[in-house]
Every structure is written in C-alpha cells, then in structure tokens.
Number of protein chains: 2
Amino acid sequence: MRGINISEKLAQFSEHWSPKTVATINDYDVRLVKVQGEFVRHNHADTDELFLVIDGQLTIRFDDGEVTLGPGELHVVPRGVYHQPISEGETSILLFEPSVTVNTGDAGGELTAERTPL
Amino acid sequence: MRGINISEKLAQFSEHWSPKTVATINDYDVRLVKVQGEFVRHNHADTDELFLVIDGQLTIRFDDGEVTLGPGELHVVPRGVYHQPISEGETSILLFEPSVTVNTGDAGGELTAERTPL
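Residues numbered from 1 in each chain as written. Chains lettered and ligands numbered in written order. Predicted model: local features only at pLDDT ≥ 70, side-chain atom pairs only at ≥ 80, totals over all residues.

Q: Got a minute to help me understand the relation of the copies chain A and chain B in this structure?
A: With an RMSD of 0.0 Å, the operation that places chain A on chain B is a rotation of 180 degrees combined with a shift of 0.0 Å along the axis. The two molecules are tied by a two-fold rotation axis, judged by turn and shift. Residue A:Phe96, judged by its C-alpha, is the member of chain A lying nearest the rotation axis, at 4.4 Å. In this assembly the copies share their binding face: 96% of the residues contributing to the interface of chain A also contribute to that of chain B. (Least-squares fit on C-alpha atoms with pLDDT ≥ 70 in both. Contact = placed C-beta atoms within 7 Å.)

Set out below in structure tokens:
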C-alpha cells in the first residue's frame, strides 16, 4: 500500500484557488490548493478552518490584523472570522476543514470552487 | 500575529508516543508526536485517524499489509481497522483526529497518553 505524497499531488494541477481533496477523515477533508494574488474576503459561519503552508508564503488578512505563514507553519481561522488569503508569489497550502466547506464562505462569487477529489 | 511553527513545537519536547495538541479545528485536534520503536496494535472504533510524516519514516502495520510513509506523505487509517505504528529511527508525525481520540484506542495500557496541549 502507498501513502499519499503531497508533492506528487501538487504536481498534478496548476490552477490557483481551486482546492483538491486528497484525503478524508470522517466528514472532514484534507485539501491542497495553490494560490497567488488576493482571494475574496469571507468567513465560514459554521466552522473553523486550518491553513498549513507547504511551500511559499501566505498572509491571512483579518479585519484587525494579519498572520503570515511560511512552510511548516499553520493557523486556524475561527468560525465567523472574516479573512482574506493573500500571496504575492505562488504558494501551496494544505487545508483541513469539514467536507461541506465552500472555499468562498459567505462571499460566493466567481472564485467559488466545487469540491474536487484528486 | 504569529502562526504555529511545527519545527518550533517539535523542539519543545523529546518523549516518544506522547502526542501534543498544537491546534484545534472545531472538535478536532492537530497533534504532533515523536515516535520510535513499536507501538501497541489497536483500533479506534468511532473515528478515522490521519498520519502525516514530518520527518523520518513511519510504517503502519495492518493485519493484512502495511504502508510506509516518508516526509510529506500521509495516510488515513479508517475507523475500526487495527493498526500498529512502527518506526526504526525517530520519526515526527502530525495527526488529525477528534479531540476525544485516545492514542491507544481499544488497547489501552501503559502507552495511553492524556490529551496534552502544547
């Protein structure tokens, strides 16, 4: 049996802001996503959301501050807290969140992605 | 605001088979654990469990096979599946699982660890 190799999974797609579900734990997803530029400010009313940077640098901007994460650094955005992910260069991120979570939360819009197993 | 740095957290403890909770997402934990040698064979009747190797090499032995994970590789053990983590050298692992999950599952015994935030 083989494990799931994060680097191999990341090599299988190139589009930005489109999370890929690579594993499930009960009703939660492990998702990988490549990002660059500014995402839409949004919140998730019903769930916390974990960001773990695999490669690159991610800033999560809040209404009252921000956190910047490098490789091997993680942050949990609490439910209901508005946040805007921003990355100058391309950054690869691992997300852990309920499988029903929609990437754009309450904001919706053109960046909304379907749940996509990979 | 600062993120949670996995390497910095790992540098704060040295004991084996004693997971440290470094973040929570809803009622789930992100735990870091250092392992070496053979753990007790056990299962978790009520939950899946995710293993992500940070550093080193982990084999998870099942009754009908095994999977070996290196850095950046993950595997989800389904609920109810007997598994025995084994590592010849010291290995650092990230776990995602419900906060109520006990490390030794149905087996219990002296390796059972209290939930320990770090």
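What follows continues from the structure just given.
Q: When you look at the interface of chain A and chain B in this model, what are you seeing that I'm missing?
A: Buried accessible area, meaning the area lost when the parts come together, often serves as the stated size of an interface. Across the contact, 27 residues belong to chain A and 26 residues belong to chain B. Partitioned by chemical class, the residues of the side of chain A that touches chain B number 13 nonpolar, nine polar and five charged. Note that strand S1 (residues 4-5) of chain A and strand S7 (residues 73-77) of chain B share two bridges and pair antiparallel. Directly across from A:Ile4, in S7(B), lies its bridge partner B:Leu74. (Nonpolar A, V, L, I, M, F, W, Y, C, P; charged D, E, K, R; others polar. Pairing = 2+ DSSP bridges. Helix = DSSP H or I, 4+ residues; strand = E, 2+ residues; numbered from the N terminus.)

Q: Got a minute to help me understand the nonpolar core in this structure?
A: In this structure, A:Leu50, A:Phe51, B:Leu50, B:Phe51 and B:Ile93 are the most contacted members of the largest nonpolar core, which totals 51 residues. Other than its neighbours up to four places away in sequence, B:Leu50 contacts A:Ala23, A:Ile25, A:Val30, B:Leu74, B:Val76, B:Leu95, B:Phe96 and B:Glu97. (Core = buried A, V, L, I, M, F, W, Y, C linked by C-beta atoms within 7 Å. Buried ≥ 20, exposed ≤ 12 C-beta atoms within 10 Å, placed from the backbone.)

Q: Quick question: what am I supposed to make of the environment of B:Leu52 here?
A: Residue and element names in this part refer to chain B. Structurally, the position occupied by Leu52 is in strand S4 (residues 49-55). Separated by 32 residues in sequence, Leu52 and Lys20 place their C-alpha atoms 14 Å apart. If we ignore the near neighbours within four places in the chain, the residues touching Leu52 are Leu74, Ile93 and Leu94.

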